[in-house]
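This is what each chain is made of:
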Amino acid sequence: MKICVFGAGYVGLVAAACFAESGNTVVAVDVDQAKIEGLKQGIIPIYEPGLKELVLRNQAEGRLSFTTDVPLAVKSSLINFIAVGTPPGEDGSADLQYVLAVAREIGRNMESFKIVVDKSTVPVGTADKVRAALQEELDKRGTSLEFDVVSNPEFLKEGAAIEDFMKPDRVVIGTDNVRTAELMKELYEPFMRKHNRLIVMDIRSAEMTKYAANAMLATRISFMNQVALLCERMGADVAAVREGIGSDSRIGYDFLFPGPGYGGSCFPKDVKALIRTAEENDYDFLLLKAVEEVNERQKQVLSHKVQQTLGDTSKDRPLAGCTVACWGLSFKPRTDDMREAPAITIIENLLAQGATVRAHDPEALAEAKKQFGDRITYSTNQYDILADADVLVIITDWNEYRNPDFDRIKAELKEPFIIDGRNLYKLSRMRDYGFRYLPLGRNGIA
Ligand code: NAD
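Residues numbered from 1 in each chain as written. Predicted model: local features only at pLDDT ≥ 70, side-chain atom pairs only at ≥ 80, totals over all residues.

By the naming in an unreviewed UniProt entry, the protein goes by UDP-glucose 6-dehydrogenase and is assigned to Geomobilimonas luticola. Under the heading Pathway (unreviewed entry), UniProt records this for the protein: "Nucleotide-sugar biosynthesis; UDP-alpha-D-glucuronate biosynthesis; UDP-alpha-D-glucuronate from UDP-alpha-D-glucose: step 1/1." Here the protein is described in UniProt, under the heading Catalytic activity (unreviewed entry), as follows: "UDP-alpha-D-glucose + 2 NAD(+) + H2O = UDP-alpha-D-glucuronate + 2 NADH + 3 H(+)". (UniProt positions renumbered as here; feature names shortened; annotations may be inferred.)

Caption draft 1: Just the overall build of the protein, in detail. Counting secondary structure elements, the protein contains 17 helices and 14 strands. Taken against the 2.2 N^0.38 rule, which gives 22 Å for 446 residues, the C-alpha radius of gyration of the protein at 24 Å falls within 12% of a compact globule. Projected onto the principal axes, the alpha-carbon positions of the protein cover approximately 75 × 50 × 45 Å. Burial analysis of the protein (446 residues in total) assigns 45% to the buried set. Sequence-distant contacts, at least 24 apart, represent 71% of the contacts inside the protein between residues at least 6 apart. (Helix = DSSP H or I, 4+ residues; strand = E, 2+ residues; numbered from the N terminus. Rg over C-alpha atoms; globule rule 2.2 N^0.38 Å. Buried ≥ 20, exposed ≤ 12 C-beta atoms within 10 Å, placed from the backbone. Contact = placed C-beta atoms within 7 Å.)

Caption draft 2: Inspection of the site of the ligand at higher detail. G7, G9, V11, S120 and T121 are the nearest of the 26 residues found near the ligand. A class-by-class count of the residues in the shell around the ligand yields 13 nonpolar, 8 polar and 5 charged. (Near = placed C-beta within 6 Å. Nonpolar A, V, L, I, M, F, W, Y, C, P; charged D, E, K, R; others polar.)

Caption draft 3: View of the environment of E232. Mapping E232 onto the fold places it in helix α9 (residues 203-234). Sequence separation between E232 and D432 is 200 residues; the distance between their C-alpha atoms is 22 Å.

Caption draft 4: Spatial organisation of helix α13 (residues 301-310). Every buried residue belonging to α13 is among V301, L302, S303, V306 and L310, and all of these are buried. Buried residues along α13 sit in contact with α12 (286-298), β9 (323-327), α14 (342-352), β12 (391-394) and β13 (417-420).

Caption draft 5: Region of interest: the nonpolar core. V5, A15, A16 and F81 are the most contacted members of the largest nonpolar core, which has 77 residues in total. Residue assignment places this core across two domains, with domain 1 (2-201) and domain 2 (211-296) each supplying three or more. By size, the runner-up hydrophobic cluster in this structure holds 45 residues, among which are L310, C322, L329 and L350. (Core = buried A, V, L, I, M, F, W, Y, C linked by C-beta atoms within 7 Å. Domains from an automatic or database assignment.)

Caption draft 6: Inspection of the pairing of strand β2 (residues 25-29) at higher detail. With 4 of 5 residues buried, β2 is to be regarded as a mostly interior element. Bridge analysis of strand β1 (residues 2-6) against β2 gives 5 bridges, and the strand direction is parallel. Within the sheet, the bridge partner assigned to F6 lies in β2 and is V29. A crossover connection joins β1 to the parallel β2 through helix α1 (residues 10-21); in handedness this β-α-β unit is right-handed. As paired elements, β2 and strand β3 (residues 64-67) share 4 bridges and run parallel to each other. Each bridged residue has a counterpart across the sheet, and for V26 the counterpart in β3 is L64. (Pairing = 2+ DSSP bridges. Right-handed = clockwise from strand over helix to strand, strands pointing away.)

Written out as structure tokens, the structure is:
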């Protein structure tokens, strides 16, 4: 099939590469000229495991190309995917300007029947707006061409995006057109080898499914973060509680780890957008408001622990003179994405309280530099930042932090003290090494 994907970001680039890998001819379009020029030369703008190899192979075999030439891309493809950003507007609702701009571009340039597929996360009713924007452009041209609009929300996770796309838990297709549904089934068939995971439904339900999924996941995280904070106060161990509740098949083990709060480009904005959608429809989504509020508070927990243990509250800047070493900046492991990462709030809090902050991250240092500039120091070596620091704070659970050289950590730090926002280490081990150790939601070693 001939496919065009608008937006060569985390979703668009992965989708384009995966569709090309299954034999389709795919052209990815982006307004960011530098990104496209780089991609043409094999420079991948984001870090995502396996993506580089996939892009290079399909590019070399002539199935995947990159362009800023919209007319060419639209004319050469039957299926036009929209995978551009939908950031939160000022009132929290999803900003649809990029999605609608693409719809208009397609309307201005199409010369035959097109299937326009919305892969961006968009509120219920957006397919109608896409249809109207596109039709308006056709009307301006005085042309009557047919087209169909489909909702196909994306559920991939950054850090495992290729795997998720190639072996999806499900693919949701929102359409009321039987022929289009068949075509979309054909497109996704190569990704359904083991099980048929394709679910066809009406467009509005498909649009809602994406928000409901992210809202549910965010709810689990906020719920478990509150359970963890209560465990801490009661002398219970959140890890044991997770085992205990996860074994119930109605609950399951996933997404029940406490941490420094959810971040990333999706959960925060999608939770906000669903609250806003509800408001616009005279409905108070009380539960989600609490989920968001809990998350905002959770982002304060780690810096608060630093302040409680090392701070001098008689001073304006209680952490003046303290050096804090942070492991992990991206909002989760195996990505360089720092959008809405809890590390931002944590480090800003530490800096505001006068601390000197040093940071390590395997992939996100370039993104972090855009955020903090020279207000903090960085290293590509996780041990270098520890020298004479007062505490090591673990923010992101990268694999390389799971089994580190504890002797070296102890030797480098001023005092052996770890605040662990991801509960990576066994208490017995910390005790044997002689660390002062504060995890989340369980007794620590004071
Ligand atoms: P992104 O910011 O990484 O990429 C968006 C790209 O679109 C950018 O490269 C931008 O230059 C380009 N763009 C903007 N306007 C354009 C236009 N008119 N024509 C062509 N390109 C244009 O965004 P992303 O993280 O890939 O997210 C895209 C959508 O997918 C969002 O709605 C997001 O909510 C959703 N989503 C994201 C993820 C994720 O993990 N990142 C997962 C599922 C769904």
